[in-house]
Amino acid sequence: MSFSTQNDLDRNGGAIDAEETLRLIASLPAPQGIEDRVKSGVRAADRQSGVMMWPESSLNKARWTRVSAMRVAAAAAIVLVVAGGGWEVYSHIHLAPEPAAVAVPQRVDGSGGGSGGLSAAAARRTPKTLDGPVVATPGNSKQTPGKGSSVVLPQVHSGLQPAPKSSTTLPAQQ
Amino acid sequence: MEIVESAVHDEARQRAQEEALEALVDQYATTLYRVAFSVLRNQSDAEDAVQEAFLRVLRHRETLGEIRDHRVWLIRIVWNIVLDRKRRAKTRPETDDVAELARVLPASGLTAEQRAAAAQHHAHVMSCVEKLPAREREVMVLSAFEELSSVEIATVLDVTESSVRSRLFRARNLLAELLQHTRSIR
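Residues numbered from 1 in each chain as written. Chains lettered and ligands numbered in written order. Predicted model: local features only at pLDDT ≥ 70, side-chain atom pairs only at ≥ 80, totals over all residues.

Asker: Explanation requested: the overall build of chain A in the structure shown.
Answerer: Counting its regular elements, chain A contains 4 helices and 0 strands. In chain A, which comprises 174 residues, the proportion classed as buried is 5%. (Helix = DSSP H or I, 4+ residues; strand = E, 2+ residues; numbered from the N terminus. Buried ≥ 20, exposed ≤ 12 C-beta atoms within 10 Å, placed from the backbone.)

Asker: What is the right way to look at the nonpolar core in this model?
Answerer: A general feature of soluble globular proteins is that nonpolar side chains tend to end up buried together. Residues and elements named next belong to chain B. Membership of the largest hydrophobic core comes to 52 residues, with the highest contact counts inside it found for Leu32, Ala36, Ala49, Val50, Ala53, Val78 and Leu175. In terms of residue count, helix α1 (residues 2-40) provides more of this core than any other element does, 12 residues in total. Excluding anything up to four places from it in sequence, Ala49 contacts Ala36, Leu40, Val78, Ile81, Val82 and Arg85. (Core = buried A, V, L, I, M, F, W, Y, C linked by C-beta atoms within 7 Å. Contact = placed C-beta atoms within 7 Å.)

Asker: Can you help me understand helix α6 (residues 134-143) of chain B in this one?
Answerer: Note on helix geometry: an α-helix contains 3.6 residues per turn, so any two residues three or four positions apart are oriented the same way. Among the 10 residues that make up α6(B), 7 are buried, leaving the element largely enclosed by the rest of the structure. Where α6(B) is concerned, the buried positions are Glu136(B), Glu138(B), Val139(B), Met140(B), Val141(B), Leu142(B) and Ser143(B).

Asker: Explain the interface of chain A and chain B to me, please; I cannot follow it from the model alone.
Answerer: In many reports, interface size means the accessible area that the parts give up when they come together. Between chain A and chain B, the contact holds 26 residues from the first and 34 residues from the second. Mapped by element, the contributors of at least two residues to the side of chain A that touches chain B are α1 (3-26) and α2 (34-52) of chain A. Considering each element in turn, the side of chain A that touches chain B owes the most residues, 13 residues, to α1(A). Looking at the side of chain A that touches chain B, its residues break down into 12 nonpolar, 5 polar and 9 charged. (Nonpolar A, V, L, I, M, F, W, Y, C, P; charged D, E, K, R; others polar.)

Asker: When you look at unusual backbone geometry in this model, what are you seeing that I'm missing?
Answerer: Negative phi is the rule for most residues except glycine; trans is the rule for most peptide bonds. Residues and elements named next belong to chain B. For Arg41, which is not a glycine, the phi torsion comes out positive at approximately 50 degrees. Positionally, Arg41 belongs in the loop between α1 and α2 (43-59). According to the C-beta neighbour criterion, Arg41 is buried, with 20 such atoms within 10 Å. Positive phi outside glycine occurs at Asp158, with the angle close to 60 degrees. In this fold, Asp158 is placed in the loop between α7 (150-157) and α8 (161-185).

Asker: What is the right way to read the confidence of the model for chain B from this model?
Answerer: Detailed reading of predicted coordinates is not advised where the pLDDT is low. For chain B, the average pLDDT comes to 84, and 84% of its residues sit at 70 or higher. As scored by the predictor, the complex reaches a pTM of 0.58 and an ipTM of 0.79. (pLDDT = per-residue confidence, 0-100.)

Asker: Would you mind going over the confidence of the model for chain A with me for this structure?
Answerer: Looking at chain A, pLDDT values average 69 and 48% of them are 70 or higher. Averaged pLDDT values for the elements of chain A fall to 48 in helix α3 (residues 54-57) of chain A and rise to 88 in helix α4 (residues 61-91) of chain A.

Asker: Hey, could you run me through the packing of α6(B) against α7(B) in this one?
Answerer: When two helices pack together, their arrangement is given by the angle between the helix axes and the distance between those axes. Residue and element names in this part refer to chain B. Their axes nearest at 10 Å, the elements α6 and α7 cross at an angle of 135 degrees. In terms of orientation, α6 lies oblique with respect to α7. Viewed along their axes, α6 and α7 form a crossing whose handedness is right-handed. Contacts between α6 and α7 involve Glu138, Val139, Leu142 and Ser143 on the former and, on the latter, Ile153, Val156 and Leu157. Here the residues of the contact of α6 with α7 sort into 5 nonpolar, 1 polar and 1 charged. (Axes fitted to C-alpha atoms, helices over the stretch in contact; angles between N-to-C directions. Parallel < 35°, antiparallel > 145°, perpendicular 65-115°, else oblique. Left-handed = near helix turned anticlockwise from the far one by under 90°.)

Asker: Can you help me understand helix α5 (residues 112-130) of chain B in this one?
Answerer: Here α5(B) is 19 residues long and its end C-alpha atoms lie 27 Å apart, about the 27 Å a rise of 1.5 Å per residue gives. Within the sequence span of α5(B), burial applies to Ala119(B), His122(B), Val125(B), Cys128(B) and Val129(B). (Expected span 1.5 Å × (residues − 1).)

Below, the structure written as structure tokens:
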């Protein structure tokens, strides 16, 4: 038998020995009359708790009903008082009257004359496009001589100035 | 008339509960005492713990009908009581285990010397058991009760059965090491 096996046996023997001791203690008989002592203790405790609960347990049912009815009445009275108080507060609240006229602020669009007393900052301005774009007429003095005649772009009239009569229109392309 | 009937009914129900409780005391008081003694190792403390356990049952006697296994339920109650007491008793001076064991252990066919030696040996073993971690110690102590299966031990300790087995395995190894160590010192 090797040393380790002997060692294991010793160890196991020790554990078994210990379990034997535990089993011996676990199997020790209870002292005589323990049941009676426990019973009398329980009975005494039960009686004591019964005495403590006496006012509640000894009431007859009619009286209990009367007490519970009184409790319900008291609860209802409390609810009434709270609800009445709430109604009292609600009825004393005056709501603001409806206005006869509504003041609408003036619109600031930036197109009117002047600022209208308000700043036009960040106001978006749009040009009038009803009459179409206007191309300024070039001056006649500084025209470069070409092969044929000078070229004049067709004018888009804004209706303000008539086109000069000296200008030559482009010949039709062939 | 209804009032009288209700009162009679209440009284009968109370009487039935008292009888059920007394039956439980008759049936399980000794088992509970042994469980309590294995932890507290003091007769009067163990008896007090049993008393307290039944007082707790008295307080919850309405739930008695819902309990499936009264034995395990009661052991669990007394187990919690004794653990609590032991925890509180740590501040107090411990009782002399050897003297207490010598007093309660069976001494048939033993001389006074043999009895003293046996008590000393058991006290030494118990001191090694006390050195075990709480979880392992609890499983070890409960496993010494032959009437408790590993499933029931698991129920008492509120753990799984596999956990009980692994704890028991660890407890045996640790206990063997502790005993060997003390032997080698001697």
